[in-house]
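The lines below spell out each chain.
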Amino acid sequence: LVTPVLGSATATSLVSSGTAASSFTVTSGTAVPLTITNVGTGNSFVVEDTTSPDASPFIVDALGRVIQGYTTAILTADDYNGTNRTAWGYQGNNSNAAGALFTSWSTTATAGGGLSLSRSRSATVGTQAIVSSGDSLGGIGFTGDDGTNFIVAASIAAEVDGTPGVNDMPGRLIFSTTADGAATSTERMRIDNAGLTSLTGTFSVTGVSTLTGGAVV
């Protein structure tokens with residue numbers, strides 16, 4: 001057991017020379033057991049392997065951004081609506097190191113893995129303010145490196161499609177792609193709050209197609 005005393009030293013190390021795994025436990029009564037306060041401009045929290053400095057650590061930087069797999073935040077391309085706002089980033093250097101998995105282990109039929117992208121008009125976290133028609137609710141951007149920057153190639157965006165109210169949230173999905181020779185994406189297909197699908201430009205149908213109870217504009 002090592003009890004460190006933090007003073008004016010630049011660093012404090014906890015070293016285990018045994019063969020068993022080391023552990024670091026912080027206990028408290030009803031108070032928060034561990035608080036890290038960063039009053040400087042450097043990273044607030046860094047986890048490294050045996051290489052120091054590690055080329056692919058786990059970091060919480062001074063802005064609260066979580067960075068995994070690299071030493072600094074990489075602000076890639078503008079996302080689905082032209083905004084660059086990376087708050088969490090994972091970097092991998094092979095085909096097996098840049099994916100995400102959400103698995104639910106449950107006997108409940110509706111308890112599958114999921115991903116929720118949410119939006120409020122409130123500027124204060126934890127308080128509610130209704131969104132407006134046309135507001136962006138979230139999206140997915142697919143980007144590629146052009147040798148200088150990451151440029152969006154395709155995107156899927158969700159927006160409010162009509163006036164919302166209590167237990168009433170009309171929405172639309174917008175699918176966009178970037179044309180050859182362009183650097184910004186263009187809307188190609190839209191599904192509105194009534195389920196009407198609108199296609200932009202020319203399109204082709206191969207094989208047998210069936211439309212039931214709807215229309216293509």
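None of the values given here were measured: they were computed from a predicted structure.

What counts as what
- Residues numbered from 1 in each chain as written.
- Predicted model: local features only at pLDDT ≥ 70, side-chain atom pairs only at ≥ 80, totals over all residues.
- Heavy atoms only, no water.
- Pairing = 2+ DSSP bridges.
- Helix = DSSP H or I, 4+ residues; strand = E, 2+ residues; numbered from the N terminus.
- Salt bridge = Lys/Arg side-chain N within 4 Å of Asp/Glu carboxyl O.
- Buried < 20%, exposed > 50% of the residue type's maximum accessible area, 1.4 Å probe, protein only.
- Axes fitted to C-alpha atoms, helices over the stretch in contact; angles between N-to-C directions.
- pLDDT = per-residue confidence, 0-100.

**Section: the pairing of strand E6 (residues 150–160)**
Here's step 1: As judged from the nine bridges shared by strand E5 (residues 136–145) and E6, these two strands associate in the antiparallel manner. Looking at the pairing, Gly144 lines up with Ile151 of E6.
Here's step 2: Linking E5 back to E6 in an antiparallel pair, the connection comprises four residues, with Gly147 at a positive phi of about 100°.
Here's step 3: For E6 and strand E7 (residues 171–177), the ladder comprises seven bridges, and the chain directions are antiparallel. Note on E7: the bridge partner recorded for Ala154 is Thr177.

**Side note on the pattern of salt bridges**
Here's step 1: Tallying each qualifying case throughout the model produces four salt bridges.
Here's step 2: With a shortest N-O distance of 2.7 Å, Arg121 and Asp135 are connected by a salt bridge. Linking Arg121 in the loop between strand E4 (88–90) and E5 with Asp135 in the loop between E4 and E5, this pair joins segments that are 14 residues apart in sequence.
Here's step 3: Using a relative accessible area of 7% as the deciding quantity, one classes Asp135 as buried.
Here's step 4: When salt bridges that share partners are traced, they join Glu159, Asp161 and Arg172 into one network.

**Quick look at the sheet that holds E6**
Here's step 1: If you trace the five strands from one edge of the open sheet to the other, you get E5-E6-E7-E8-E9, paired in antiparallel fashion. The strands lining the two open edges of the sheet, one partner per strand, are E5 and strand E9 (197–199). The average angle at which neighbouring strand axes cross in this sheet is 20°, direction not considered.

**Some thoughts on the confidence of the model for the chain**
Here's step 1: In the predicted model, the chain carries a mean pLDDT of 78, and 68% of its residues have values of at least 70.
Here's step 2: For the chain, the element scoring lowest by mean pLDDT is E4, at 64; E7 scores highest, at 96.

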